[in-house]
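# Overview (structure and organization)
Listed here are the chains, written in short residue letters.
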Amino acid sequence: MQDRLHILEDLNMLYIRQMALSLEDTELQRKLDHEIRMREGACKLLAACSQREQALEATKSLLVCSSRILSYMGELQRRKEAQVLGRTARRPSDTGPPDERSPCRGTICISDIRIPLMWKDTEYFKNKGDLHRWAVFLLLQLGGNIQDTEMVLVDRTLTDISFQSSVLFTEAGPDFELRLELYGACVEEEGALAGAPRRLATKLSNSLGRSSGRRVRASLESAGGSGGSSAASPILLPTPAVGGPRYHLLAQTTLTLASVQDGFRTHDLTLTSNEESPAWLPLYGSVCCRLAAQPLCMTQPVMSGTLRVQSWGQVHGILKGTNLFCYRHPGEASAQEDPLFTIAINKETRVRAGERDQPRGAPLTLSISNRYGGDEVTHMLQMESRGALQRWMEALWQLFFDMSQWKQCCDELMKIEVPPPRKPPPVLAKQGSLYHEMAIEPLDDIAAVTDILAKREGPPLDVPPPWLALFTEKLSTSKLPIHAPRSPSPPRACPGPRATPWGRPRTLSLDAVPRGRPPLPPRSSSSSSSGSGSPAPRQRSPPGRGFRAKARPWLQSPV
Amino acid sequence: MIGVRPRGTPACPLPCPRQQRPPATQQNPFRQRVEIHKLRQGENLILGFSIGGGIDQDPAQNPFSEDKTDKGIYVTRVSEGGPAEVAGLQIGDKIMQVNGWDMTMVTHDQARKRLTKRSEEVVRLLVTRQGLQKAVQQSMLA
């Protein structure tokens, strides 16, 4: 049975590759090849790794890659079908008759995802010290784009599953469907897998990872010997050699434009596993997240050009989002200066070509009316040519259409932060020795110091300050002026805004006990007065200072 | 605002009447209140003096302190004709407070920052002066 399955799997891989090639869709083919290679890599890693965490990560990567491959396969099949039936590939701009508009694309960002858990009393009592742990992650799919969150370990001490990462989808339409799937695997000490056929089924459901995986498994178990090739059976992908941890689909939901809001919202989760499932987690049944959308019409200028506005004269207008910004000339806009004035364009705005009571042969005008409270404010825009008028009208109609499609996303621009690429945990900054904290600078020369001072203060310092004679060592210099370029500094906990030629003040060194001195008390902001009324001053003998004096010149800063 | 020198005017060579020092505070005769109006030099507001000291600095190298374990902030230089000199700040003064903020247990950089806040055009310092200290001590003993 296994051999037959292997053959089928290999054939399928071949089929996948051939289809991609035949379609000559280089983009999709490249993506598919990439995922297949990633998948093979993940399989190898899974076979080679020994630690549980690694195995979990590798299995997760496997699952994600498999999902992506399936999704690309689905896309390929659709395109192949379309090709075979003689139609060209469907592109968004081609749908429908030419005068039917299509809304602009946008970026969707989901972040701060939190899934509450609902632990029962039994969970606390039945384990008797054993901490059951689960590895969970989210798989997010929008169109053909599949992304995953980081893997989080959950146990009964947590009240929620929180994902720190935010996921971005570009090129989404207002009719998007964002599918959320929560996968979980039980993290146990023992890795027992019972029986060979079950093992195979496990591997298969690992590889496919979706409800299709379960169906395959079910069909295999029920069919027994037949290769599981029923009509509903999906493509079988090559399985990893060893069985790794098992991820199960715990919950899912689909979010659409209606769920988009510039703030946190709670959505319902459809729970797909029950208590019998080994990876079952007591989910409360909802997911809380921030789903934001930025349509392109809000972030990119839709139209720009020269306009003549009544009572303002000639301006350079830029139509972007809910505003028509008018600048004196194009340079101002690129210099990011404030516009001369702004006309609001929103759902309530009314645009009309031409003027009321327009005499015959009148110039090409556009009127934009807005209601502010009880008043109606109308701006008259005059175009340079009929072509310009057409273009502006078209741009405005497209904008209004986009607003009607993207609805609440066009009320105000929702902020989206592009998440930084996920890095491995940062290496802790080395806690160096005293030597690391000494800055070695060439500015030891007192002549250079006085030069700097002279330049800064104006009147030349002909006579060095009288206290200079007290010292045999070289003194520190003043700090560089504020607008000097910053010198590169070692990564440390508290950087200052200006570069000091003598290294930063050593606020970290409060714990460094100097020779012969008691440790310093912790610094408090409400300290009482010191200094005045102190006991007889203790003179410190210069030899006692040792190397520290040379290493730490006494800083002086001009203010 | 009363008492704010308009921007761009150079430091007045004569001490302005409003900047005459008020009598020493009653609680502690060693202390002086000094009010400095910052001078605008290009982009920066300067006070016209330099500070030394701080809890992260080596107090033994402080030439102005009587007690060589004193980690307070001291005035190490006063530029001629600058706002600090005009206000009556002297070299060797120990700065106890700046606009109410304590300066006796701060790092060097913190002290500098508290004096150079861009939002503040006037800084009111509470300083201790050794000469004054000695003078009062002597007057008390006599």
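Located above this text is the structure these notes cover.
Below is a summary of the structure that appears in this document. (Residues numbered from 1 in each chain as written. Chains lettered and ligands numbered in written order. Predicted model: local features only at pLDDT ≥ 70, side-chain atom pairs only at ≥ 80, totals over all residues. Heavy atoms only, no water.)

### Some thoughts on the packing of aromatic side chains
Residue and element names in this part refer to chain A. Inspection of the entire model under this criterion finds five aromatic pairs over all chains. Relative to W134, the ring of W119 has its centre 5.6 Å away and its plane inclined at 45°; by these criteria the two rings are tilted. Within this pair, whereas W119 is found in the loop between β1 (106-116) and α4 (121-126), its partner W134 is found in strand β2 (residues 133-142), the two being separated by 15 residues in sequence. On the basis of relative accessibility, which here comes to 15%, the residue W119 falls in the buried class. (Phe/Tyr/Trp six-rings, centres within 6.5 Å; stacked < 30°, edge-to-face > 60°. Helix = DSSP H or I, 4+ residues; strand = E, 2+ residues; numbered from the N terminus. Buried < 20%, exposed > 50% of the residue type's maximum accessible area, 1.4 Å probe, protein only.)

### Digging into the sheet that holds strand β14 (residues 323-327) of chain A
All names here are of chain A. Sheet architecture is open: seven strands sit in the order β15-β14-β13-β12-β18-β17-β16, paired in antiparallel fashion. Each having just a single partner strand, β15 (341-344) and β16 (350-353) make up the two edges of the open sheet. Here the strands of the sheet are splayed against their neighbours by 35° on average, with no regard to which way each runs. Contacting β12 (301-309), β13 (313-320), β14, β16 and β17 (365-372), helix α9 (residues 386-406) crosses the sheet at an angle of about 135° to β12. (Pairing = 2+ DSSP bridges. Axes fitted to C-alpha atoms, helices over the stretch in contact; angles between N-to-C directions. Contact = heavy atoms within 4.5 Å.)

### Things to note about the side chain of S165 of chain A
All names here are of chain A. Mapped onto the fold, S165 is located in the loop between β5 (160-163) and β6 (167-172). Relative accessible area serves as the criterion here: at 11%, S165 is assigned to the buried category. Among the polar contacts made by the side chain of S165, one reaches the side chain of E150 at a distance of 2.5 Å. (Polar contact = N/O pair within 3.5 Å; in protein donor to acceptor, adjacent residues only side chain to side chain.)

### What about the side chain of R68 of chain A?
Note on placement: R68 of chain A falls in helix α3 (residues 52-84). Exposure remark for R68 of chain A: the relative accessible area of 18% places this residue in the buried category.

### Section: the pairing of strand β8 (residues 248-255) of chain A
Residue and element names in this part refer to chain A. Counted residue by residue, β8 has seven buried out of eight residues, so it is predominantly covered. As defined by bridge partners, strand β7 (residues 178-187) adjoins β8 across seven bridges and the pair is classed as antiparallel. What sits directly across from G184, in β8, is H248. Summarising the sheet, β8 and strand β10 (residues 270-271) pair through two bridges and their orientation is antiparallel. Looking at β10, one finds that A251 is bridged to L271.

No statement about biological role is implied by the geometric values presented.
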